[in-house]
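Listed here are the chains, written in short residue letters.
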Amino acid sequence: LAAADADTVRREFAPRLIRWQRRHGRHGLPWQGADAYGVWLSEIMLQQTQVATVLDYYPRFRSAFPDVASLAAAPEDEVLRLWAGLGYYSRARNLHKAAAQVSRDFGGRFPAERSELEKLAGVGRSTAAAIAVFAYGQKEAILDGNVKRLLARHAGIYGATDQPATLSALWREAEARLPDDSATLRRYTQGLMDLGNSICTRSRPRRNECPVAA
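Residues numbered from 1 in each chain as written. Predicted model: local features only at pLDDT ≥ 70, side-chain atom pairs only at ≥ 80, totals over all residues. Heavy atoms only, no water.

1. With respect to the overall build of the protein chain
Looking only at helices and strands, the protein chain features 11 helices and 0 strands. Reading the protein chain from its N terminus to its C terminus gives the helix and strand order α-α-α-α-α-α-α-α-α-α-α. Along the first, second and third principal axes, the C-alpha atoms of the protein chain reach 55 × 35 × 30 Å. For the protein chain, long-range pairs separated by at least 24 residues make up 62% of all intrachain contacts whose partners lie at least 6 apart in sequence. Accessible area for the protein chain stands at about 10,800 Å²; split by element, carbon and sulfur atoms hold 48% of it. Taking the average location of the 30 positive side-chain charges in the protein chain and that of its 23 negative ones, the two points are 5 Å from each other. (Helix = DSSP H or I, 4+ residues; strand = E, 2+ residues; numbered from the N terminus. Contact = heavy atoms within 4.5 Å. Areas by Shrake-Rupley, 256 points an atom, 1.4 Å probe, with all protein chains shown as cover. Lys, Arg positive; Asp, Glu negative; His and termini not counted. Charge placed at Lys NZ, Arg CZ, Asp CG, Glu CD.)

Put into structure tokens, the structure is as follows:
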């Protein structure tokens, strides 16, 4: 695309995605509208795990550990017991470590800035951005596996997504497409996740149903 055409595509991307998310996206998930602790907990659980599975675990965790202080104070064995079945147990150990960090280093309150959130165990750039967006309405770009696939296809970015040059190009696209209206950032970010999960799938993507295909 010519530069002018690419700019037009980026400008139209967010409004189309937001309209689609309102009608077809996921709503009513127990962590939507949660506090920073609940958002963080869900984001860690959702790493490499389907939403349907997390729906069973999330309420049990919040019941056992209603806030970050109770999680930080819990024995690691108890955290791992409640995690049993979710797999990737390093996530549970990092969850416990990060809760201790928040209690010790941040006065028991999750920081609002992405750069500070990235200091927590098990929290990378994209996860930190998601927490900053959903919990605090910050203007940050996410780039999880689904979003990488979606943007790579839409922007025509080729190459393995774990290669530095490809990853840098994807981050540039992710940041360039962010809406300016802070009121729509949460819905836009949720829309990226929903579209990558339901329409722009790894195999058999449903292009005729994609709101940004044109």
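2. Here's the deal with the packing of helix H2 (residues 36-46) against helix H6 (residues 90-105)
Where H2 meets H6, the closest approach of the two axes is 10 Å, and the angle between their N-to-C directions is 160 degrees. If you check the angle between H2 and H6, you find them roughly antiparallel. Of the two elements, H2 crosses H6, and the hand of that crossing is right-handed. Contacts from Trp40, Leu41, Ile44 and Met45 in H2 reach Arg91, Leu95, Ala98 and Ala99 in H6. Across the contact of H2 with H6, the residue classes tally to 7 nonpolar, no polar and 1 charged. (Axes fitted to C-alpha atoms, helices over the stretch in contact; angles between N-to-C directions. Parallel < 35°, antiparallel > 145°, perpendicular 65-115°, else oblique. Left-handed = near helix turned anticlockwise from the far one by under 90°. Nonpolar A, V, L, I, M, F, W, Y, C, P; charged D, E, K, R; others polar.)

3. Observations regarding the side chain of arginine 177
Locating arginine 177 in the fold gives a position in the loop between helix H10 (164-176) and helix H11 (185-198). Given a relative accessible area of 3%, arginine 177 falls into the buried group. Among the polar contacts listed, one links the side chain of arginine 177 to the side chain of glutamate 173, at a separation of 2.8 Å. (Buried < 20%, exposed > 50% of the residue type's maximum accessible area, 1.4 Å probe, protein only. Polar contact = N/O pair within 3.5 Å; in protein donor to acceptor, adjacent residues only side chain to side chain.)

4. Considerations on the nonpolar core
Of all hydrophobic cores here, the largest spans 69 residues; its most connected members are Trp40, Met45, Phe61 and Phe110. The leading source of residues in this core is helix H8 (residues 125-136), at 8 residues. (Core = buried A, V, L, I, M, F, W, Y, C linked by side-chain atoms within 4.5 Å.)

5. Things to note about the packing of aromatic side chains
Considering all chains together, one arrives at 6 aromatic pairs under this definition. Aromatic side chains phenylalanine 13 and tyrosine 188 sit 6.4 Å apart centroid to centroid with 75 degrees between the ring planes, which places their arrangement in the edge-to-face category. Residue phenylalanine 13 is located in helix H1 (residues 3-24), and its partner tyrosine 188 is located in helix H11; the two are separated by 175 residues in the primary sequence. Assigned by exposure class, phenylalanine 13 and tyrosine 188 land together as buried. On the numbers, 5.3 Å between centres and 70 degrees between planes, the contact of tryptophan 31 with tyrosine 58 is edge-to-face. In this pair, tryptophan 31 sits in the loop between H1 and H2 while tyrosine 58 sits in helix H3 (residues 51-64), placing the two residues 27 residues apart along the sequence. (Phe/Tyr/Trp six-rings, centres within 6.5 Å; stacked < 30°, edge-to-face > 60°.)

6. Some words on the environment of leucine 71
Position of leucine 71 relative to the elements: it lies in helix H4 (residues 68-73). Leucine 71 gets classed as buried once you look at its relative accessible area, which sits at 0%. In the structure, leucine 71 is positioned 27 residues away from alanine 98 in sequence and 9.6 Å away in space, judged by C-alpha atoms. When residues no more than four places from it in sequence are discounted, the contact partners of leucine 71 are Tyr37, Trp40, Phe65, Val79, Leu95, His96 and Ala99.

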